[in-house]
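# Notes for the structure review
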Amino acid sequence: MPPVHPERAQRVEGPAPAVVAYHVRSGIVSLNVVTGALAAADDTAATDVHFVRSPNEMAATITALAAAGRPVLAAWSFYSTDFTRTAADLARLRASTPAGAALHVAGGVHATSEPAATLRAGWDLVAIGEGEATLVALVRALAAGESPRAIAGTAHLAANDGALTTTGAAPRLPLDTFPPFNARDGRWNAIEITRGCIYACSFCQTPFMFKARFRHRPVDDVVRWVRVMVEQGGRYVRFLTPTALSYGSPDERVDLAAVDALLGAVRAALPAGGKLYFGTFPSELRPEHVTPEAMAVLARWVDNRHLVLGGQSGSPRVLAAMRRGHDVAAVERAVAVAVAAGFVPDVDLLLGLPGEEPDDQALTMQLARRLTDAGARIHSHAFMPLPGTPLKDAQPAPIVPDVAAALTALEGRAATYGQWRAQTTAAAELVQLRRGPRSP
Ligand code: SF4
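Please read these numbers as outputs of a predicted model, since none were measured by experiment.

The next thing to look at is the packing of aromatic side chains. Tallied over the entire structure, the rule returns eight aromatic pairs. A centroid spacing of 6.0 Å and a plane angle of 45° characterise the contact between F78 and F83, whose relative ring orientation is tilted. Considered together, F78 and F83 belong to a single accessibility category, that of buried residues. Aromatic pair F78 and W123: ring centres 5.0 Å apart, planes at 35°, arrangement tilted. Of the two residues, F78 sits in the loop between strand 3 (72-77) and helix 3 (83-95) while W123 sits in the loop between helix 5 (115-120) and strand 5 (125-127), which places them 45 residues apart along the sequence. Taking relative accessible area as the criterion, F78 reaches 2% and is therefore assigned buried. For W123, a relative accessible area of 3% corresponds to the buried category. Ring pairs connect the aromatic residues Y22, W76, F78, F83 and W123, which therefore count as one cluster.

Pairing is parallel across the open sheet formed by four strands, whose spatial order is 14-15-16-17. Among the strands making up the open sheet, the edge pair consists of strand 14 (306-312) and strand 17 (416-418). Adjacent strand axes in the sheet meet at a mean angle of 30° when their direction is disregarded. As judged from the six bridges shared by strand 14 and strand 15 (residues 344-351), these two strands associate in the parallel manner. For V308, the partnering residue across the bridge sits in strand 15 and is D346. Sitting on the sheet, helix 14 (residues 401-412) is in contact with strand 15, strand 16 (377-382) and strand 17, with an inclination near 110° to strand 17.

Considered for burial, the residues of helix 1 (residues 28-36) that qualify are L31, N32, V33, V34, T35 and G36. If you follow the buried residues of helix 1, they end up packed against strand 1 (18-22), strand 2 (49-52), strand 3, helix 6 (132-144) and strand 9 (194-195).

Around the ligand, the neighbouring residues are C197, Y199, C201, F203, C204, P207, P242, R286 and R324. By residue class, the composition of the shell around the ligand is seven nonpolar, no polar and two charged.

Two orientations exist for strands paired in a sheet by backbone hydrogen bonds: parallel and antiparallel. The sheet built from seven strands is open, its strands ordered 2-1-3-4-5-6-7 with mixed pairing. The open sheet is flanked by strand 2 and strand 7 (164-166), the only strands paired with a single partner. Taken pair by pair, the neighbouring strands of this sheet meet at an average axis angle of 25°, ignoring direction. Pairing analysis gives two bridges linking strand 5 to strand 6 (residues 154-157), with the strands arranged antiparallel. Bridge assignment links A127 to a residue of strand 6, and that residue is T154.

We now examine the nonpolar core. One recurring pattern in soluble globular proteins is that nonpolar side chains are buried together. Core analysis: the largest hydrophobic core is formed by 69 residues, its most contacted members being F239, L263, F278 and L298. Top contributing element to this core by residue count: helix 8 (residues 219-231), with seven residues. Apart from residues lying up to four places away in sequence, L263 is in contact with F239, L276, F278, V297, L298, W301 and V302. By size, the runner-up hydrophobic cluster in this structure holds 35 residues, among which are V24, A59, F78 and A121.

Here the chain shows a mean pLDDT of 93. Residues at 70 or above account for 96%. In the model, residues 1-13 has pLDDT below 50 throughout and makes 34 contacts with residues more than four positions away in sequence or in other chains.

As a measure of interface size, the accessible area lost when the parts come together is often cited. Each assigned domain of the chain is listed with its residue range as follows: domain 1 (18-166) and domain 2 (176-435). Distance from the C-alpha centre of domain 1 to the C-alpha centre of domain 2: 29 Å. Between domain 1 and domain 2, the contact holds 29 residues from the first and 24 residues from the second. Taking both sides of the interface into account, the surface hidden between domain 1 and domain 2 amounts to around 2000 Å²; carbon and sulfur atoms contribute 60%.

About the thresholds
Residues numbered from 1 in each chain as written. Predicted model: local features only at pLDDT ≥ 70, side-chain atom pairs only at ≥ 80, totals over all residues. Heavy atoms only, no water. Phe/Tyr/Trp six-rings, centres within 6.5 Å; stacked < 30°, edge-to-face > 60°. Buried < 20%, exposed > 50% of the residue type's maximum accessible area, 1.4 Å probe, protein only. Helix = DSSP H or I, 4+ residues; strand = E, 2+ residues; numbered from the N terminus. Pairing = 2+ DSSP bridges. Axes fitted to C-alpha atoms, helices over the stretch in contact; angles between N-to-C directions. Contact = heavy atoms within 4.5 Å. Near = heavy atom within 4 Å. Nonpolar A, V, L, I, M, F, W, Y, C, P; charged D, E, K, R; others polar. Core = buried A, V, L, I, M, F, W, Y, C linked by side-chain atoms within 4.5 Å. pLDDT = per-residue confidence, 0-100. Domains from an automatic or database assignment. Buried area = accessible area lost by both parts, 1.4 Å probe.

As structure tokens, then:
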């Protein structure tokens, strides 16, 4: 069995590499996307990918592949809120697999933001930033018996002194360089139509992970993958984008012709009875983009009745501090326009931002009541100090008891939903993680 080790540089003769993807929790979509990228290159397209859902299953798969002489790349991806649990899974897995049986590579937003902590928690290598080209290059390196540590877009701990060593950024390529999901293995997900974000909301990881500019997947490429999904039995399409009505635009403007062209072409590619969801999870709308004209385009093509709007706060001071780029009135206007067009707006509101005072939270709850009276539902969130963001070291403000009680009352009449309680717990865990220890 040839050991897979970051230091290995001698050529390996024998079977081609295999990929084992830890397909659980927050890593599922990322792993669909990066393993789908293998299909884009002739020399990696035949790489077998094994999707596993537990440490035991992963251990058995790695052990069997390694015993057959296969170099194994174990692929992991997780959000910050899953880091501690996933690191514990890795530790269990390592305890039950032969040393060096697989190269454990972590990618995604947390590993990119916290490479040293991720490596110290037990991963061999971190894929920094966008993972598609990096995974292709890693599989090629394993096939050639070359050191994966030399691949661009990776980080590792130096063998001599444990110092964090990086190889620079992974290339940021046009979105249509790679498929939006793993079609060969039937692992579909929402089609990413836009990557990166020109806005710079201080709580959000997107602009810091993918850069503060938009890259859009061209309409013909989106349609190509919709057709693939339909051929495989798919009947509905969702989109992944930071701000849905920014499709086709380079800046703050809305290009409704581009949105109309996208939705019309996708609708034409769907079979009768196929469903098209846009402007709802996971593709929300910025409030200032919601106009009667935009609603008319959506009403023409989409099947969703609900639209998700980013509102975030009822406090002008807090909106400005988090650099949202819109005011409170824009949120209320958007709700009125969406309701008039026949949609039910679900408005994201975020509580517990650093520096938020009880008066700010009271303003947010007043906004929540006005919005629900106007026909919206509230999707409530609690602030989490996410790695990679300007607020990563910030202390969440406590959600005051009156506000928590008001949120609970709104939940009681189904006017609000959301994970704010669980996120409050996750925020406390992130603060603790930052203080250390950094590994379980
Ligand atoms: S919250 Fe939305 S609009 Fe703001 S930076 Fe993140 S993705 Fe962009």
